[in-house]
Every structure is written in C-alpha cells, then in structure tokens.
Amino acid sequence: MRIFDKNYKTIWEDYSSGLLELKVIDQTKLPFSFEIKSISSYQSMVAAIKEMVVRGAPLIGIAGAYAMCLAMQTIAQNRGDQQAIFQIAEEVSSARPTAVNLKWAVDKVIANIGTDRSASENFTSALEITREICESELKACRLIGEHGGALIEELSLKKNSETVNILTHCNAGWLATLDYGTALAPIYAAAQKGINLHVWVDETRPRNQGSKLTAFELLHEHIPHTVIVDNLGGHLMQHGLVDMVIVGSDRTTACCDVCNKVGTYLKALAAHDNGVPFYAALPTSSIDTSICDGINQIEIEERASEEVIYFDGEEDGRIRAVRAVPIGSKILNYGFDVTPARLVTSLITENGVFDASESGIKQALNAV
Ligand code: MRU
C-alpha cells in the first residue's frame, strides 16, 4: 500500500545490525504520527502484539511466526537449550487468544523445528516457513480483493453505476494484514476498476480502529468515506443508505460462526432486519475447523479497562489521553463478539465466495 507516496507492507525484515530484526508500522501512533518500530527479540514482538502495535488477525499470525524466528535466532546465538522453543511457542500463541491465525502460524513454524538439528538450521527453517506464510497470506488477501471486488461490481451494475455504499467495522484493511487487507481488499479492487463507491466507517470503540486506521487507509487511497459512530449503522440501513456490509474475521468456525471485533454482531442483526447483504472476508487461515459453536467455544479476549475509560487523540501535535468515565464506575471490555452463521450472507475467501454454512466452509477449504 502507498503511504506518503511510498510502498509499504506492515512488517518487513531488516539485517542492518547483522542479525534478523523486524520493522513494523506502529499502529498505536496512527493516524497522528507515522512511525516505524524495530523489533529484535521475541519478547518485544509479544509485547507489540499485546499492545496492538501490530494487530488484525492475519498480521498477528505473521508477527507470531517472526517472533518464533527471533527466539530461534537468540537460541542459536547463545547456544541455548532448543527445548525452550516449545515454551516460547505457548507464550507467543497466547499473546492474544481470539484470532486463530496466531496459533496457526506459530504451530506451522514449530512443526518444522527438529531438536535433532542445530539451532541455526532450525532458525533457517523457521524463517523459510515464515516467508512462505507471508507469501500465501499476501496472495490470499489479493484474491479476496478480486472475488469480493466482483460482488461490488455486480451491485454497481444493478444500481446502474450509482454509488455503492459499503459499511465496514473495525480495521480489516492492509494494516490488519501484510498488504491489501481482507474486508477492505474488495473495496480497493473495485475502486481500482473505477467503480463508484463510498464506505461507511464505524469508529469502533474503544480502540477506534475504524476512525483511526480504516479512515487513514481510505484517505491515502483516495476512497470516499464517512466516519460514523458505531450506533449509526442501523439507522442508515433503515433508510436504504447501506448496500452491503463487509467485515473481517478473527476466527470462523467449522459451522461458519464468525468472530470479529465487538459490535460486528449488532451490525449483522441490523443488516438481517433490513435485507442488507452481510459478508465476512477472510483468508482460510482464519478458519478453525476444531470448533462449531462460536458463541460458546471461542475465547473472547478481555482487555484493559483503560481502553474504555480514556479517549486518546491529538492535541497541538501531541497524543493525549483524556478520561471519559467517572472514577469508580466498573468497566467491562470484551474485544470481540460472534455473529452466528445464519446472519452471514456469504464468505469471501481467497478460493472464492461461499455459502455461510458448514458445507460452504468445507468447499472454501478444499477449493483450489
Ligand atoms: O483487536 P484488533 O484490532 O486486532 O481486531 C481486528 C479485527 O477485529 C479485524 O476485523 C479482524 O482481525 C479481521 S482483520 C483482517
């Protein structure tokens, strides 16, 4: 993606110190300041995942895989005990519990580590697997764009090229992935084809990934958009101002329940009530075939109360936080919710568009 006329990915390798380091775009600073952070240890990568310096299901998967490479590099450098890598894998996988991509990617790296080989051989193999994950996730997001873009094009034709209004929640754009995004990838693909579209951007309290990150991305891509409070979507749908909803997914079950940023479920209910198609766009790496019932089987991350208590923003060039809740009030801050399959119109994956059902999930996974 282009930022200030330069092409970026969200994470990249850097060897200027002689060893592997990672550079990441610090998402906690956007949109106020564009800063690149260096990460040279697995502990720093775990902290970056927890603090949401890097975030979004596909990106934390990649970041987790790189965390394993950094850990293996340190073991090789210090001639440390290779057995430690298995404990580290647990620590990395549990940095954030809801998005399945994190464990998926860490497991892929671990599956290729053999204690009968030297630590430096294991480092090389961890890096190879991580690069493969990057390649396949990049391709998946590009294809999600193509398949989802075709859906937007269809709607545009039905509307005789009038503006297609798309509502999205949270940030499932290129910042949440290595590049392209998931929910935003179809929007970018359609915009590139010259389709007339406009995006309603849910602000997405409490971290405001919509108003901060999605708006930042769309501005840089020159895509018409309007930031709205999270509670406006239902009203807009009742007035025919939303043609489709596209969201991402942190974990989609074998029965096609979609777990995504908290508030997604309410948008799906409103969409259902108003006959608005509701799409979940996701790479198949976000599918967890080990569970069916998303509501009862997915661990929903509970985050710090401070995220709800304080609003942060920019004032006079400095990022500041201000209290928005009285001292003494209790806070509950779950980060995700589950949209049952019955409220999802279809899944947009790298392998095509599929029914939001158990058989749709099977087809998405088996299609080549
Ligand atoms: O808490 P976050 O910002 O990591 O949550 C991100 C989301 O909920 C995204 O919609 C999801 O990861 C899909 S991303 C392509």
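The preceding data block contains the structure.
Quantities reported herein were computed from a predicted structural model and do not represent experimental measurements.

Enquirer: Looking at this structure, how should I read the site of the ligand?
Expert: Near the ligand there are 19 residues, and of these Arg55, Arg96, Gln209, Asn260 and Lys261 occur at the shortest range. At 3.0 Å from an oxygen atom of the ligand is found a main-chain nitrogen or oxygen belonging to glycine 56. Note that an oxygen atom of the ligand is positioned 2.9 Å from one of the side-chain N or O atoms of aspartate 250. Look at the ligand: alone it shows 410 Å² of surface, and the protein chains cover 99% of it. Going through the elements one at a time, helix 2 (57-78) and strand 11 (258-261) are the ones with two or more residues in the shell around the ligand. When its residues are assigned to classes, the shell around the ligand shows seven nonpolar, eight polar and four charged. Counting the residues that make up the shell around the ligand, at least three belong to each of domain 1 (2-136) and domain 2 (144-366).

Enquirer: Help me out: how do you make sense of the nonpolar core in this one?
Expert: Soluble, globular proteins show a tendency: their nonpolar side chains are buried together. Ranked by size, the top nonpolar core spans 47 residues in total, and within it Ile11, Met45, Tyr66, Met68 and Val92 carry the most contacts. Elements supplying a minimum of two residues to this core: strand 4 (21-25), helix 1 (42-50), helix 2, helix 3 (84-93), helix 4 (100-110) and helix 5 (119-158). Among the elements that make up this core, the one with the highest residue count is helix 2 (14 residues). In contact with tyrosine 66, other than residues within four places in its own chain, are Ile11, Glu13, Leu22, Met45, Leu127, Thr130, Arg131 and Cys134. Residues Ile25, Leu151, Val164 and Leu218 belong to the second largest nonpolar core, which totals 33 residues.

Enquirer: Sorry if this is basic, but what is going on with the state of the cysteines here?
Expert: Linking two cysteines covalently through their sulfur atoms gives a disulfide. What the rule picks out here adds up to one disulfide. Covalent S-S linkage joins cysteine 255 and cysteine 292, the inter-sulfur distance amounting to 1.8 Å. Between cysteine 255 and cysteine 292 the sulfur-sulfur dihedral comes to about -110 degrees; the bridge is accordingly left-handed. Here cysteine 255 is found in the loop between strand 10 (251-253) and strand 11, whereas its partner cysteine 292 is found in the loop between strand 13 (287-288) and helix 10 (294-297), with 37 residues between them in sequence.

Enquirer: Quick question: what am I supposed to make of the side chain of serine 249 here?
Expert: Looking at the element boundaries, serine 249 is found in the loop between strand 9 (244-247) and strand 10. On the basis of relative accessible area, serine 249 is assigned to the buried category, the value being 6%. Only 3.3 Å separates the side chain of serine 249 from the backbone nitrogen of arginine 251, close enough to count as a polar contact. Polar side-chain contacts of serine 249 include one of 2.7 Å to the side chain of threonine 252. Contact partners of serine 249, with chain neighbours within four places excluded, come to Ala57, Val258, Cys259, Asn260, Ala281, Leu282 and Ser286.

Enquirer: Help me understand the pairing of strand 7 (residues 197-202) in this model?
Expert: Looking along a regular strand, one sees the side chains alternate between the two faces of the sheet. By the criterion of burial, strand 7 is predominantly enclosed, with six of the six residues buried. Neither face of strand 7 is exposed, since Leu197, Val199 and Val201 on one face and His198, Trp200 and Asp202 on the opposite face are all buried. The sheet contact formed by strand 6 (residues 164-168) and strand 7 spans five bridges and is parallel. Its bridge partner being in strand 7, isoleucine 166 is matched across the sheet by valine 199. For the handedness criterion, the β-α-β arrangement of strand 6, helix 6 (residues 185-192) and strand 7 is classed as right-handed. In this fold, the crossover linking strand 7 to strand 8 (residues 225-228) by way of helix 7 (residues 209-220) has right-handed handedness.

Enquirer: How do you make sense of the packing of aromatic side chains when you look at a structure like this?
Expert: Two descriptors summarise a pair of aromatic rings, namely the distance from one centre to the other and the angle between the planes of the rings. Throughout the structure, instances matching the rule amount to three aromatic pairs. Aromatic pair tyrosine 8 and phenylalanine 34: ring centres 5.0 Å apart, planes at 70 degrees, arrangement edge-to-face. In this pair, tyrosine 8 is assigned in the loop between strand 2 (6-7) and strand 3 (11-14) and phenylalanine 34 in the loop between strand 4 and strand 5 (36-39), connecting sequence segments 26 residues apart. On the basis of relative accessible area, tyrosine 8 is assigned to the buried category, the value being 14%. Take phenylalanine 34: its relative accessible area is 23%, and that puts it in the partly exposed class. Against the face of phenylalanine 311 rests arginine 205, its NZ or CZ located 4.0 Å from the ring centre. Stacked on the ring of phenylalanine 336, the Lys or Arg lysine 261 has its end atom at 4.1 Å from the ring centre.

Cut-offs and rules
- Residue positions within a chain follow its written sequence, with the count starting from 1.
- For a predicted model such as this one, the threshold for reporting local features is a pLDDT of at least 70, and the threshold for listing and counting side-chain atom pairs is 80 or more; totals across whole chains, interfaces and linings nevertheless cover every residue.
- Excluded from the side-chain calculations are hydrogens and water; all other atoms, namely the structure's heavy atoms, are used.
- Proximity is defined per residue: any heavy atom of the residue falling within 4 Å of a molecule or strand makes that residue near it.
- Any pair of nitrogen or oxygen atoms within 3.5 Å is treated as a polar contact; in protein, a donor-acceptor pairing is required on top of that, and neighbouring residues in sequence qualify only through side-chain atoms on both sides.
- Every accessible area reported is derived by Shrake-Rupley at a probe size of 1.4 Å, with residue values counting cover from the shown protein chains alone.
- Numbering goes from the N terminus for both helices and strands, where a helix is a DSSP run of H or I of at least four residues and a strand is a run of E of at least two.
- When residues are sorted by character, Ala, Val, Leu, Ile, Met, Phe, Trp, Tyr, Cys and Pro go into the nonpolar class, Asp, Glu, Lys and Arg into the charged class, and all the rest, Gly among them, into the polar class.
- Where each domain begins and ends follows an automated or database-derived domain assignment.
- Buried Ala, Val, Leu, Ile, Met, Phe, Trp, Tyr and Cys residues form a nonpolar core when they are joined through side-chain atoms within 4.5 Å.
- Burial classification: accessible surface area is computed with a 1.4 Å probe over protein chains only, and a residue below 20% of its type maximum counts as buried, one above 50% as exposed, and the rest as partly exposed.
- Should any heavy atoms of two residues lie within 4.5 Å, those residues are counted as being in contact.
- The rule for a disulfide is simple: a pair of cysteine sulfur atoms within 2.5 Å.
- In short, DSSP must find at least two bridges between two strands for them to pair.
- If you view a crossover with the strands going away from you and the path from the first strand over the helix to the second runs clockwise, you call it right-handed.
- The rule is short: rings of Phe, Tyr and Trp, with Trp giving its six-membered ring, pair when the centres are within 6.5 Å, and they are stacked under 30 degrees, edge-to-face over 60, tilted in between.
- Sitting over a ring, as applied to charges here, requires NZ of Lys or CZ of Arg to be within 6 Å of the ring centre and within 35 degrees of the ring normal.

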